[in-house]
Amino acid sequence: MAQREAIVAVLLRAGRLLAVRRGPAVARPGYWQPLSGKIEPGETQPEAVVREVREEVGLTVVPLAKVWESETDDGSFRLHWWTANADTGDVVPDPDEVGEARWVTPEEFLSLDPVFEGDREFFERILPGL
């Protein structure tokens, strides 16, 4: 099966980032992560960031920069990591996709459990250099 493309949206607000716990309608529910989602056919990565954030937590964001690429632990998705400003607005989670959402520091993210190893690598190795 061919590897699919997805985005990871690292949403920034006042020195914190949005962490979400995967909801009951998605694979691997209960894991904490930044927002993520599949890139639709014909959609650019920045367009996917804007759409996925709006669908999953109701925020309007401005993508800033692509900062990393990785793949999921099972190799089924190539992940394109983007930072985006989320300066205003209330988080309104889609209850199927997002079980819980909270603004955390990078250190607080690393203390959440469970998290994906690839996400841990981003927070330990990539984010400090941004």
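Before reading on, note that the structure itself is shown above.
Below: a short report on this structure. (Residues numbered from 1 in each chain as written. Predicted model: local features only at pLDDT ≥ 70, side-chain atom pairs only at ≥ 80, totals over all residues. Heavy atoms only, no water.)

### Brief notes about the overall build of the protein chain
Working step 1: Check the secondary structure of the protein chain and you find three helices and seven strands.
Working step 2: The secondary structure elements of the protein chain, listed N-terminal to C-terminal, are β-β-β-β-α-β-β-β-α-α.
Working step 3: Its C-alpha atoms put the protein chain at 40 × 30 × 25 Å along the principal axes.
Working step 4: With 130 residues in all, the protein chain has 41% of them scored as buried.
Working step 5: For the protein chain, contacts bridging at least 24 residues in sequence account for 66% of all contacts bridging at least 6.
Working step 6: Of the roughly 6,700 Å² of accessible surface on the protein chain, a fraction of 51% belongs to carbon and sulfur atoms.
Working step 7: Separation between the mean location of the 14 positive side-chain charges and that of the 24 negative ones in the protein chain comes to 1 Å. (Helix = DSSP H or I, 4+ residues; strand = E, 2+ residues; numbered from the N terminus. Buried < 20%, exposed > 50% of the residue type's maximum accessible area, 1.4 Å probe, protein only. Contact = heavy atoms within 4.5 Å. Areas by Shrake-Rupley, 256 points an atom, 1.4 Å probe, with all protein chains shown as cover. Lys, Arg positive; Asp, Glu negative; His and termini not counted. Charge placed at Lys NZ, Arg CZ, Asp CG, Glu CD.)

### Focus on helix α1 (residues 45-57)
Working step 1: With 13 residues, α1 extends 18 Å between its outermost C-alpha atoms, agreeing within 8% with the 18 Å of an ideal straight helix rising 1.5 Å per residue.
Working step 2: On the buried face of α1, the contacting elements are β1 (4-13), β2 (16-22), β4 (35-38), β5 (62-71), β6 (77-85) and β7 (98-104).
Working step 3: Following α1 by one or two positions, Gly58 has its phi on the positive side, about 75°. (Expected span 1.5 Å × (residues − 1).)

### Observations regarding the pattern of salt bridges
Working step 1: Evaluation of the coordinates by the stated rule reveals 13 salt bridges.
Working step 2: For Arg16, the salt bridge is made with Glu108, and the minimal N-O distance between the two is 2.8 Å. With Arg16 in strand β2 and Glu108 in helix α2 (residues 106-111), this residue pair connects regions lying 92 residues apart in the sequence.
Working step 3: The class for Glu108 is partly exposed, based on a relative accessible area of 35%. (Salt bridge = Lys/Arg side-chain N within 4 Å of Asp/Glu carboxyl O.)

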